[in-house]
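# Fold and contact review
Below are the chains, spelled out letter by letter.
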Amino acid sequence: MGRGRGSITVFLSLICLLIFALFGTLLETARYTVCKNHAARTLRTSTEALLTEYSRPLYDHYGLFFIESSGTPYEQVIGNYAGDTLAAAEKGDMDFLEGGLEEVRVTNRIYLGDDGANALQKEINSYMGRVVTKKQLKKFLSQSKELEDIEEEAKEIEETVEQEEKAAEMDAELLELMELVDGISVSDGKVTCAEEFVKMFATGEKKGQNFGVTEGTVWKKMKPHIDDSVKTWNIGNKTTFRARIRRVREKTEKAIATGKRLKKEFGNRNLKSSDEHDKMFAGLISSLPVLENNRKILSQTEEKLRTHSVKECKKELKTLWKDYDTASIAFDYTGVNETGGGDNPKDSLGDAWKKGILNLVCETPSKLSSKSISVPDSYADYYKEQKQSSEDYGERVSDFAAEDEVSLSGILGDMAKYGMDEFCLDQYIEHQFGSYEKSIKGDWKQSLDYGWEYIVAGKASDQDNLKSVLNRILLIRTVVNFIALQRDSVRRKEAYTAATAVVGFTGLAPLITLTQTLILLAWSFSESLVDVAAILRNRHVPMIKRPKELVTSFPEIVQMGHDSLAKRAMRFGKKKKSSFGYKQYLLLFLALTGQSTRRYRVMDLIQTSMKKNGYGGFQLGSCVYEMRVQGDFIFPSRFFRMAPLETLLGRNVKNCRITCEVWAGYS
């Protein structure tokens, strides 16, 4: 009987022990869940506490939240904050949240410039979201809509010039041949003759007919340069004369090459035998073989003079030069008078352009900012960004003035994908940085005064950036003004009359048409310089002009000095609320600049300005926007450490390890 009662007691004890173990396990599991949540909260709050140590000057002056990745390691700072939180739990032996942080790892950092500086865009969206509305975006897009067709119009102008140049190609070759053979050129309203040319040696009497020239004005220019020493061979200095023979031989070779191009082009054309223009070319090409014969005579003479004295080979030279032909190749100079052709207005563009657009259109060029930075587009280069080309649009004007090369397309791009993100970015740029029209007030020093222009152009100095922007406006206005001129029959006729005066003596219609177009383009450039000067003086310049709104008359095309342009600029009325002014052009160019390019250039401006204001060690590219943090926590076990449970489990459970991970940033 006693033995039975003892068995029941042991059995009940075991049952109680198991119930107690189950209850303890449930309590420990529940405690671990609470500790895990506590660890996660501690890690998050510690990381967010780290983020409160953001760069204060960056926030104060640019409204951006980023933390510098320098100085004390992030892991140490997070650990210190976590330690403060965990220490608060050490109130007694049975505090359920008592534990410690074993290790912190920052496993991933998103820097400001990563992914095309997308983090910068997020911060800007947050900063500008309170002030930028879709209504403002729609207004900006509607203002720019009128310029949508400019790109197509520019391409059409280029194609027109290209076609006219192709049609006048033979005519241009003819003028080149004319200068090589006869030495004659007509420019700036004057007929001139080169010092040396193919026909410069007279084997007979000095008469125009013997040189294929019947026009008095032309012969008057040629005659003083004719050398008749080959008639008598009293040449004076043999070395000097042989050098002249060599130079004329080289010109003859150039003339032969030009003649071959003419012949090839003539053969490829669908020419009409009844056309006077075609007949003239056919007759000229048939006479070109005499150039080859003349070249042989010149070469043989050069060789003889190299090895013999004139006295030794005089008889041979006289015989050789009997076949030298100066009469067979004849050009038509009908129309050339004593003063030659008219002045080509385009010629004055090159001289004016040498002064630079800033000296031509700015109200006070001497007061322009002279600031510059050492390395433009440094962040775009650092991130290997395929940045938008910082083109010098002024080269297009120079190429037109020097070589008649017309390049107007590619000034504008596609704004179809321009949305709210980009508009926020551009409004931020407008708010934070200065421009030619807007100066930033306050004690904070700007590395560049023309920040908008830098973001558009990406050049090192304020003046170079301003120049690039103004040249771009100039090219847009040139397209606009060319369209207006083309629509005006009176002005087209003026340009045609001028073209006829310049090259009409040749009787070459394609060349006259091309010259007319080039004069209209020069007129457009001159008018556009006035437009830019007016825009900078806050005058109302119609975005798209009608012919009656053009302010430059034909005689004024050549008047491209600062004062003349300024005077004409005042013919425009005062700026209106609806005017598309300098600010609107800048915003348009910003919109057409690649979004990541704009962001990186914003970074350039912030970085250089921070250094200029005494933060020499600041590195914007090292600033962090978001990070991933892992933490290993140790929490001592409570209920598992009871002797009965340890005996039952068969092991000593002292600690529980908990690993947490959080993403934290300024989003």
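In what follows, the accompanying structure is described. Computed from a prediction, not measured in an experiment: that's the story for all the values here.

## Examining the overall build of the protein
Broken down by element type, the protein carries 26 helices and six strands. By residue count, 48% of the 667 residues in the protein fall in the buried class. Excluding contacts between residues fewer than 6 apart, the proportion of contacts in the protein whose partners are at least 24 apart in sequence is 80%. Of the roughly 32400 Å² of accessible surface on the protein, 50% is carried by carbon and sulfur atoms.

## Some points on the side chain of Glu164
Mapping Glu164 onto the fold places it in helix α6 (residues 150-167). Here Glu164 is buried and forms no salt bridge, its nearest opposite-charge partner Arg492 lying at an N-O distance of 10 Å. Here Thr517 takes part through its side chain, which lies 2.6 Å from a polar atom of the side chain of Glu164. Leave out the neighbours within four places in its chain, and Glu164 touches Thr513, Leu514 and Thr517.

## Here's the deal with unusual backbone geometry
Of note in the backbone geometry, Trp233 takes a positive phi value of approximately 60° without being a glycine. Within the element layout of this structure, Trp233 appears in the loop between α9 (229-232) and α10 (238-268). For Trp233, a relative accessible area of 3% corresponds to the buried category. We note that Asp404 has phi near 60°; this positive angle belongs to a residue other than glycine. Structurally, Asp404 is set in the loop between α17 (394-403) and α18 (420-432).

## Details of the environment of Tyr418
Checked against the element boundaries, Tyr418 lands in the loop between α17 and α18. Accessibility expressed as a relative area gives 7% for Tyr418, which makes it buried. For the pair Tyr418 and Ala591, spaced 173 residues apart in sequence, the C-alpha separation works out to 7.1 Å. If sequence neighbours within four positions are ignored, Tyr418 has contacts with Leu137, Phe140, Leu141, Phe423, Asp426, Ala591 and Arg598. Only 2.6 Å separates the side chain of Tyr418 from the side chain of Asp426, close enough to count as a polar contact.

## What about the packing of aromatic side chains?
Applying the stated criterion across every chain yields a total of 26 aromatic pairs. Each residue in the set Phe201, Trp233, Phe241, Trp321 and Tyr324 is aromatic and connected to the rest through ring pairs, giving one cluster. Over the aromatic face of Phe400 sits the side chain of Lys346, whose NZ or CZ is 5.2 Å from the ring centroid. Its guanidinium or amino end placed over the ring of Phe589, Arg472 lies 4.4 Å from that ring's centre, counting from NZ or CZ.

## Section: the pattern of salt bridges
Considering all chains together, one arrives at 32 salt bridges under this definition. The residue Arg249 makes a salt bridge to Glu302 at a minimum N-O spacing of 3.1 Å. Taken together, the residues span a long stretch of sequence, with Arg249 in helix α10 and Glu302 in helix α12 (residues 289-307) at a distance of 53 residues. What makes Glu302 buried here is its relative accessible area of 14%.

## Considerations on the nonpolar core
Judged by nonpolar contacts, the single largest core of 191 residues is most densely connected at Phe201, Met222, Trp321, Val361, Phe433, Leu470 and Ile606. When residues in this core are grouped by element, the largest group, 17 residues, is from helix α22 (residues 509-536). Once residues lying within four places of it in the same chain are set aside, the contact partners of Met222 are Asp182, Ile184, Cys193, Phe197, Phe211 and Val213.

## Section: the packing of α12 against helix α13 (residues 310-320)
At a minimum axis separation of 10 Å, α12 and α13 run at an interaxial angle of 170°. Here α12 lies roughly antiparallel to α13, going by the angle between them. Between α12, through Ile297, Gln300, Thr301, Lys304 and Leu305, and α13, the contact on the second element is made entirely by Val310, Cys313, Glu316, Leu317 and Leu320. Class assignment for the residues of the contact of α12 with α13 results in six nonpolar, two polar and two charged.

## Considering the environment of Thr608
Note that Thr608 resides in helix α25 (residues 595-612). A C-alpha to C-alpha distance of 9.7 Å links Thr608 and Val375, two positions 233 residues apart in sequence. Those residues in contact with Thr608 that lie beyond four places of it in its chain are Ile373 and Ser447.

## Concerning α12
Taking 1.5 Å per residue as the helical rise, α12 with its 19 residues ought to reach 27 Å, and the 28 Å between its terminal C-alpha atoms agrees with that figure. Those residues of α12 that sit buried are Val290, Leu291, Asn294, Ile297, Leu298, Thr301, Glu302 and Leu305. All buried residues of α12 lie within an arc of 135° about the axis, which places them on one face of the element. What points out from α12, more than 90 degrees from its buried face, is the exposed set Pro289 and Arg306.

## Considerations on a negative patch on the surface
Residues Asp149, Glu152, Glu156, Glu159, Glu162, Glu165, Glu403 and Glu405 make up a contiguous surface patch of negative charge. Ranked by residues supplied to the negative patch, first place goes to α6 with five residues. Along the chain, Glu156 falls in helix α6.

## Structural notes on the pairing of strand β6 (residues 655-665)
Only one face of β6 is covered, namely the face carrying Cys656, Ile658, Cys660, Val662 and Ala664; the face carrying Asn655, Arg657, Thr659, Glu661, Trp663 and Gly665 is uncovered. Of the strand pairs in this sheet, strand β5 (residues 623-636) and β6 are connected by eleven bridges, and their pairing is antiparallel. Following the sheet pairing, Phe633 is matched in β6 by Ile658.

## Structural notes on the environment of Gln607
With respect to the element layout, Gln607 can be found in helix α25. For the pair Gln607 and Tyr379, spaced 228 residues apart in sequence, the C-alpha separation works out to 9.7 Å. Sequence-distant contacts of Gln607, that is, excluding residues within four places in its chain, are made with Tyr379, Phe618, Gln619, Leu620 and Gly621.

## Concerning the packing of helix α14 (residues 346-353) against α17
For the pair α14 and α17, the least separation of the axes is 8 Å and the interaxial angle reads 140°. Judged by the inter-axis angle, α14 sits oblique to α17. α17 is crossed by α14, and the crossing has left-handed handedness. Counted together, Lys346, Leu349, Gly350 and Trp353 of α14 and Gly394, Val397, Ser398, Phe400 and Ala401 of α17 form the full contact between these two elements. The class makeup of the residues in the contact of α14 with α17 is five nonpolar, three polar and one charged.

The rules we used
Residues numbered from 1 in each chain as written. Predicted model: local features only at pLDDT ≥ 70, side-chain atom pairs only at ≥ 80, totals over all residues. Heavy atoms only, no water. Helix = DSSP H or I, 4+ residues; strand = E, 2+ residues; numbered from the N terminus. Buried < 20%, exposed > 50% of the residue type's maximum accessible area, 1.4 Å probe, protein only. Contact = heavy atoms within 4.5 Å. Areas by Shrake-Rupley, 256 points an atom, 1.4 Å probe, with all protein chains shown as cover. Lys, Arg positive; Asp, Glu negative; His and termini not counted. Salt bridge = Lys/Arg side-chain N within 4 Å of Asp/Glu carboxyl O. Polar contact = N/O pair within 3.5 Å; in protein donor to acceptor, adjacent residues only side chain to side chain. Phe/Tyr/Trp six-rings, centres within 6.5 Å; stacked < 30°, edge-to-face > 60°. Lys NZ or Arg CZ within 6 Å of the ring centre and 35° of its normal. Core = buried A, V, L, I, M, F, W, Y, C linked by side-chain atoms within 4.5 Å. Axes fitted to C-alpha atoms, helices over the stretch in contact; angles between N-to-C directions. Parallel < 35°, antiparallel > 145°, perpendicular 65-115°, else oblique. Nonpolar A, V, L, I, M, F, W, Y, C, P; charged D, E, K, R; others polar. Expected span 1.5 Å × (residues − 1). Arc of directions from axis to C-beta. Patch = residues over 30% accessible without salt bridge, like charges linked within 9 Å, V, L, I, M, F, W, Y side chains within 5 Å. Charge placed at Lys NZ, Arg CZ, Asp CG, Glu CD. Pairing = 2+ DSSP bridges. Left-handed = near helix turned anticlockwise from the far one by under 90°.

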